[in-house]
Amino acid sequence: MIIKVIFCKYMKIIKSPEKLEYIGKAVFLAGSIEEGKAKNWQEQIIEKLKNKDITVLNPRRDTWNSDWKQTIDNPKFREQVEWELEALEKADFIFMYFDPGTKSPVSLLEFGLYAKTGKVTVFCPEGFWKKGNIDVVCKKYNIKQVDNFELDFLK
């Protein structure tokens, strides 16, 4: 397997399934992908962070195959899920985006897992089918919500 780590001026990008070693201060880009239904919003975040001293943990896998059977017995699928779980644990910050054109069940799961950690910032635009739930959870657990791909939480 070829491991590709992209370096910019300061920022380092680690994409699934690359090793999560020596990451330093890191942000995990959680949110809508839904097997490519969501736009590649991660690229917008990466552009905004290009001059920051931070590692971006990006779960959007270049080699994802939507035909993979999503079971624990499928090594590629399991590798993806385990990478995401490890990256979420290691991240200092978790930025979550809920694309209104998706259902994003995995993102909702990750939101529930990390809602009480103090690491999460959420962008959930009008039109996302469970925006009301997201808003209530954010209010209850004092989770920062933003109205765009705002990243001032990294200051």
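Now for a description of the structure that goes with this document. Sequence order as written defines the numbering, with residues in each chain counted from 1. Residues qualify for local features only when their pLDDT is at least 70, as the model is predicted, and side-chain atom pairs are given and counted only at 80 or more; totals for whole chains, interfaces and linings, by contrast, use all residues. Excluding hydrogens and water, the side-chain figures rest on all heavy atoms present in the structure.

1. Brief notes about the packing of aromatic side chains
Working definition: a ring pair exists when centres of Phe, Tyr or Trp rings (six-membered ring for Trp) sit within 6.5 Å. Plane angles under 30 degrees give stacked, over 60 give edge-to-face, the rest tilted. Counted by the stated rule, this structure contains eleven aromatic pairs. With a centroid separation of 6.3 Å and an interplanar angle of 40°, the aromatic rings of Phe28 and Trp83 are classed as tilted. Taken together, the positions of Phe28 in strand 3 (residues 26–31) and Trp83 in helix 2 (residues 75–90) put the pair 55 residues apart, joining distant regions of the chain. The rule is simple: take the accessible area with a 1.4 Å probe, protein chains only, and divide by the maximum for that residue type; under 20% is buried, over 50% is exposed, in between is partly exposed. Take Phe28: its relative accessible area is 1%, and that puts it in the buried class. An aromatic cluster is present here, built from Trp41, Phe95, Tyr97, Phe123 and Phe149 joined pairwise through their rings. Secondary structure elements follow DSSP: runs of H or I of four or more residues count as helices, runs of E of two or more count as strands, with numbering from the N terminus.

2. Quick notes on the pairing of strand 3
Among the six residues in strand 3, six count as buried, and that is most of the element. On strand 3, burial covers both faces: Ala26, Phe28 and Ala30 on one face and Val27, Leu29 and Gly31 on the other are all buried. Think of it this way: DSSP has to see at least two bridges between two strands before they count as a pair. Alignment of strand 3 against strand 4 (residues 55–58), held across three bridges, turns out to be parallel. Considered in strand 4, the bridge of Phe28 is made with Leu57. Relative to strand 5 (residues 93–97), strand 3 is paired through five bridges, and the arrangement is parallel. In the strand pairing of strand 5, Ala30 is matched with Met96.

3. Regarding unusual backbone geometry
At the junction of Ser16 and Pro17, the peptide bond is cis and its omega measures out at 10° in the coordinates. Mapped onto the elements, Pro17 comes out in the loop between strand 2 (12–15) and strand 3. Non-glycine residue Tyr22 carries a positive phi angle of around 50°. Within the secondary structure, Tyr22 sits in the loop between strand 2 and strand 3. Residue classification places Tyr22 among the exposed positions, given a relative accessible area of 76%.

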